[in-house]
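Structural overview
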Amino acid sequence: MLFFASLGLSVAAQEADTDMKHDTSYYQRYNHRLTLGPLLLKKNSVYATRSRDDDAFPLRYSTNSPTRLGLSIGYDWLSVSGSVGLGTLDPDYKKEKGKTQSANFQMSVNGKSVLGDLHFQVNKGFYLRGQQDPSFAPGAYYVRPDIKTQIFGVTIRKILKGDRFSIKAPFVYDSWQQRSAGSFLIGGEFIYGNAKGDSAFVPANLSASFPNADVNYMRYIMFGPTAGYAHTFVVKKHLFVTGVVSVNGDAAQTFEKTEQGAERTRWYFSPNLSLRGAIGYNTEKWELVGSVISNRFFIGSNEKDANYQNYSDQFRLAYLRRINAGKTIPAVINWGRRAINTLGFGWLLD
């Protein structure tokens, strides 16, 4: 059984007990209670290359990571989760798909007026998803332990109606949205990413179908404005469904290098996509919620009939209890909040 641990950090807006800036008839906050409970977590990252050739299927290289069982603990603005891989107990995880080495740090800012994502993903070791027993592979799957991808960047969105809509209820678990509400989002992002392999990304047997078949290294940068909308539908105060969609209108550049050493660069427009969704049942003392977070980057090639995609999906099922936090945890978290304010990042907690 594969064993590993992950650390996830979520930052949520802190409000003093006397802060009535949000409409309490729409949602309640329990940020001064300790949230504690088990979770199931599944992450998947995909690097894909596509061709407009009708006879060519898209190549989707996927990480091979098992579902993880863990524990989530949160108080006020800080939420930490640790987990262990379930290995072969996950039917989607198979040793024949190869081994993935990952170094992923994900930080989300989920405040009353801000929703942000810090992207830091490094993955090495992929297999060709959706193409079992391909004719060009010696085994049941086409495995590429040499392919490595990296994504670094930040996406920040302002929540315009944070007085009635809470992003924290489905994703941070310290709030209870009791009435349906939504909000438009505006912001921006900057993304840098790359992918490289010891040989071309496209298998030699398929090179005739892909105009970028000789590329074995590419990198890209993207930056631009973001706009979106978020809404939570509530049934009888407790049952809720949340959806968040934001589109990034980015200017982008792709640099490609072939096995022969040729280099190509192109500037273009890239409309990227970020999605969040959740469904659950919420009360004052506990919450049960299933959620998904998906970030999709559409990357142009220097060949007009080809393109790339780099995206990641995170699925989570969690059951949280809200209990008394005692004295030690509030003292430590409050010290951290004061330190953040001193460093000039207190706006993240507003």
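Check the entry above for the structure.
Residues numbered from 1 in each chain as written. Predicted model: local features only at pLDDT ≥ 70, side-chain atom pairs only at ≥ 80, totals over all residues. Heavy atoms only, no water.

1. Details of the overall build of the protein chain
Threshold: Runs of E in the DSSP output that reach at least two residues are strands. Runs of H or I that reach at least four are helices, and both are numbered from the N terminus. To get the radius of gyration, use the C-alpha atoms; to get the globule rule, take the number of residues to the power 0.38 and multiply by 2.2 Å. Classification of residues uses two cut-offs on accessible area relative to the type maximum, computed with a 1.4 Å probe and protein chains only: under 20% is buried, over 50% is exposed, and between them is partly exposed. Accessible surface is estimated by sampling points in the Shrake-Rupley manner with a 1.4 Å probe; for residues, cover comes only from the protein chains shown. Charge counting treats Lys and Arg as positive and Asp and Glu as negative, with His and both chain ends excluded. The location of each charge is read from NZ of Lys, CZ of Arg, CG of Asp or CD of Glu.
Secondary structure summary: the protein chain contains two helices and 17 strands in total. Its C-alpha atoms give the protein chain a radius of gyration of 22 Å, within 12% of the compact-globule value 20 Å for 350 residues. Counting only C-alpha atoms, the protein chain reaches 65 × 45 × 40 Å along its principal axes. Taking all 350 residues of the protein chain together, 53% fall into the buried category. When the accessible surface of the protein chain is summed, it comes to about 15900 Å², and 59% of that surface belongs to carbon and sulfur atoms. Within the protein chain, one finds 41 positive and 29 negative side-chain charges whose respective centroids are separated by 7 Å.

2. Section: the pattern of salt bridges
Filter applied, for reference: Throughout this description, the term salt bridge denotes a Lys or Arg side-chain nitrogen within 4 Å of a carboxyl oxygen of Asp or Glu.
Scanning all chains against the criterion turns up 13 salt bridges. Ionic pairing is found between Arg144 and Asp146, a salt bridge with its closest N-O pair at 2.9 Å. Here Arg144 and Asp146 have matching classes, each one buried. Among the salt bridges present, the one from Glu256 reaches Arg264, with a minimum N-O distance of 3.8 Å. On the basis of relative accessibility, which here comes to 0%, the residue Glu256 falls in the buried class.

3. So, the environment of Thr254
Following the sequence through the fold, Thr254 ends up in strand β14 (residues 239-258). Taking the C-alpha atoms as reference points, Thr254 and Gly300, 46 residues apart in sequence, are found 6.6 Å from one another.

4. Focus on the nonpolar core
Our working definition: Put simply, a nonpolar core is a bunch of buried Ala, Val, Leu, Ile, Met, Phe, Trp, Tyr and Cys residues held in one set by side-chain atoms that sit within 4.5 Å of each other. What makes two residues a contact is simply this: any of their non-hydrogen atoms within 4.5 Å.
Counting 26 residues, the largest nonpolar core has Tyr61, Met218 and Met222 as the members making the most contacts within it. Elements with a contribution of two residues or more to this core: β4 (59-62), β9 (114-128), β10 (143-159), β12 (181-196), β13 (215-235) and β16 (286-300). Not counting the four nearest positions on each side in its chain, Met218 is found in contact with Tyr47, Asn194, Ala195, Phe201, Thr254, Phe255, Glu256, Ile299 and Tyr308.

5. Here's the deal with unusual backbone geometry
One non-glycine residue, Tyr173, lies in positive phi territory at about 80°. With respect to the helices and strands, Tyr173 occurs in the loop between α1 (168-171) and β11 (175-177). On the accessibility criterion, Tyr173 (2% relative accessible area) is buried.

6. A closer look at empty space enclosed by the protein
Empty space among the atoms becomes apparent when a probe as large as a water molecule is rolled across them. So the rule is basically this: The method works on a 1 Å grid over the protein atoms by themselves. A cavity is a set of points holding a 1.4 Å probe that cannot get out, a pocket is an open set with protein on both sides within 12 Å along at least five of seven lines, and residues with an atom within 4 Å of a point line them. Grid points are joined across faces, edges and corners, and a volume is the space filled by probe spheres set on the points. Residue type decides the class: Asp, Glu, Lys and Arg count as charged, Ala, Val, Leu, Ile, Met, Phe, Trp, Tyr, Cys and Pro as nonpolar, and the leftover types, Gly among them, as polar.
Counted according to the given criterion, the structure contains four cavities of 30 Å³ or more. Approximately 60 Å³ is the volume found for the largest cavity. Forming the boundary of the largest cavity are 13 residues, of which Gly74, Tyr75, Asp76, Val172 and Asp174 lie nearest the centre. At the level of elements, β5 (68-75) and β6 (78-85) are the ones that each hand at least two residues to the lining of the largest cavity. Its residues assigned to classes, the lining of the largest cavity shows five nonpolar, five polar and three charged.

7. Topic: the pairing of β9
Selection criterion: Whether two strands pair comes down to DSSP finding at least two bridges between them.
Extensive coverage of β9 is indicated by the burial of twelve of its 15 residues. Summarising the sheet, strand β7 (residues 101-104) and β9 pair through four bridges and their orientation is antiparallel. For Ser102, the partnering residue across the bridge sits in β9 and is Asn123. Pairing between strand β8 (residues 107-110) and β9: four bridges, direction antiparallel. Note that in β9 the partner of Asn110 across the bridge is Leu115.

8. Looking at the pairing of β16
Sheet analysis places strand β15 (residues 263-282) next to β16, joined by ten bridges and oriented antiparallel. Within β16, the residue paired with Ala278 across the bridge is Ser291. Between β15 and β16, which pair antiparallel and follow one another directly, the connecting turn spans three residues. Pairing analysis gives 15 bridges linking β16 to strand β17 (residues 306-323), with the strands arranged antiparallel. Across the sheet, Glu287 pairs through a bridge with Leu320, a residue of β17. Counted between consecutive antiparallel strands, the loop separating β16 from β17 contains five residues.

9. Description of the packing of aromatic side chains
Under the convention used in this document: Two aromatic rings, drawn from Phe, Tyr or Trp (for Trp, its six-membered ring), form a pair once their centres lie within 6.5 Å of each other, and the interplanar angle then sorts them: stacked below 30 degrees, edge-to-face above 60, tilted otherwise. Counted as over-ring charges are cases with an Arg CZ or a Lys NZ within 6 Å of the ring centre that also lie within 35 degrees of the ring normal.
Under the definition given, this model contains eleven aromatic pairs. An angle of 10° between the planes, with centres 6.5 Å apart, marks the rings of Phe152 and Tyr192 as stacked. With Phe152 in strand β10 and Tyr192 in strand β12, this residue pair connects regions lying 40 residues apart in the sequence. What makes Tyr192 partly exposed here is its relative accessible area of 25%. Aromatic pair Tyr281 and Trp286: ring centres 5.5 Å apart, planes at 25°, arrangement stacked. You can call Tyr281 partly exposed: its relative accessible area is 35%. The partly exposed category is assigned to Trp286, whose relative accessible area is 26%. The cationic tip of Arg296 hangs over the ring face of Tyr311; the distance from NZ or CZ to the ring centre is 4.1 Å.

10. Some points on helix α2 (residues 328-342)
This is how it is decided: Every helix has an expected span of 1.5 Å times one less than the residues it contains. The arc in question is the one spanned by the directions pointing from the helix axis to the C-beta atoms.
Over its 15 residues, α2 extends 21 Å from the first C-alpha to the last, a length consistent with the 21 Å expected when each residue adds 1.5 Å. Among the residues making up α2, those that are buried are Pro330, Ile333, Gly336 and Arg337. What you see down the axis of α2 is that its buried residues fit within an arc of 125°, all on one side. Exposed residues on α2 whose side chains face more than 90 degrees from its buried face are Thr328, Trp335 and Thr342. Tucked into the core, α2 has its buried residues touching β5 and β6. Gly344 occupies a position one or two residues after α2 and carries a positive phi of about 90°.

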